[in-house]
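Residue-level structure breakdown
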Amino acid sequence: AQSVTQLGSHVSVSEGALVLLRCNYSSSVPPYLFWYVQYPNQGLQLLLKYTSAATLVKGINGFEAEFKKSETSFHLTKPSAHMSDAAEYFCAVSPYNQGGKLIFGQGTELSVKP
Amino acid sequence: GAVVSQHPSWVICKSGTSVKIECRSLDFQATTMFWYRQFPKQSLMLMATSNEGSKATYEQGVEKDKFLINHASLTLSTLTVTSAHPEDSSFYICSARDRSSEFSYEQYFGPGTRLTVT
């Protein structure tokens, strides 16, 4: 079965520092990969997605992620954290040929210190 | 564009009663909708996949007789929690795939419904 692993349930950075949220997937066939952000008591907002085009994907709010097949990774980065980036981040995979369902990682809570 | 709404946003009900949650795609048609459950500080767990005009496909371990899903139109899916119990208290989130962009595999999420069963 396909799975997604997010390393670190909680990441804390200082405002202006680099944000790095890690995501690894298990799949023999490269799936579609997504990063979503969730603010408290809200639904999910898509940050970016990888759909087998460019391996470096740019998303909203200055985030980007790089698909590395050799490492089965899809880490999320942002060069300079902002206070408004504090939220829960979920990596998700859409396995090939499974009707578009999403399998989510455990989530990483990002805190940004002033 | 691509807005999904849920109603109600929160609901409190007594144990043993049933609760219906609506999920609507406001500006697009959705042949497929998904229902997720999220416990506090946890990830989203897919409960079922709902396709317009057909029976929902439930994930393993999800009681189909307890969580009734109806996808009657291309813009509306409903989740009914029957004979609710306190352990059903959770945050329920729906998502929808745009019919016109099926191959993008992107899902648009609703704002969620907080269910509390007393």
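Look up: the structure comes first, before these words.
Residues numbered from 1 in each chain as written. Chains lettered and ligands numbered in written order. Predicted model: local features only at pLDDT ≥ 70, side-chain atom pairs only at ≥ 80, totals over all residues. Heavy atoms only, no water.

Before going further, it helps to spend a moment on the overall build of chain B. Helix and strand content of chain B: zero helices and 11 strands. Going from N to C terminus, chain B has its helices and strands arranged as β-β-β-β-β-β-β-β-β-β-β. Taken over C-alpha atoms, the radius of gyration comes to 13 Å for chain B, in line with the 13 Å a tight globule of 118 residues would show. Taking the principal axes of its C-alpha atoms as reference, chain B extends roughly 40 × 25 × 25 Å. Split into buried and exposed, the 118 residues of chain B put 52% on the buried side. Contacts spanning at least 24 positions in sequence make up 56% of the contacts within chain B whose residues lie at least 6 apart. A total of about 5,700 Å² of accessible surface is found on chain B, and carbon and sulfur atoms cover 53% of it. (Helix = DSSP H or I, 4+ residues; strand = E, 2+ residues; numbered from the N terminus. Rg over C-alpha atoms; globule rule 2.2 N^0.38 Å. Buried < 20%, exposed > 50% of the residue type's maximum accessible area, 1.4 Å probe, protein only. Contact = heavy atoms within 4.5 Å. Areas by Shrake-Rupley, 256 points an atom, 1.4 Å probe, with all protein chains shown as cover.)

Tracing the chain through its elements places Thr80 of chain B in strand S8 (residues 76–81). Those residues in contact with Thr80 of chain B, other than ones at most four positions away along the chain, are Ser18, Val19, Lys20, Lys66, Phe67 and Leu68 of chain B.

A word on the layout of surface pockets. What the largest pocket holds in volume is close to 350 Å³. Considering the residues around the largest pocket, the lining is formed by 16 residues, among which Gln38, Pro40 and Asn41 of chain A together with Gln38 and Lys41 of chain B are closest to the centre. Of the residues contributing to the lining of the largest pocket, the split by class is seven nonpolar, five polar and four charged. A volume near 250 Å³ is recorded for the second largest pocket. Listing elements by their share of the lining of the second largest pocket, those giving two or more residues are strand S11 (103–104) of chain A together with strand S5 (44–51) of chain B. (1 Å grid on protein atoms, 1.4 Å probe; cavity = no way out; pocket = protein on both sides within 12 Å on 5 of 7 lines; lining within 4 Å. Points joined across faces, edges and corners; volume = space filled by probe spheres on them. Nonpolar A, V, L, I, M, F, W, Y, C, P; charged D, E, K, R; others polar.)

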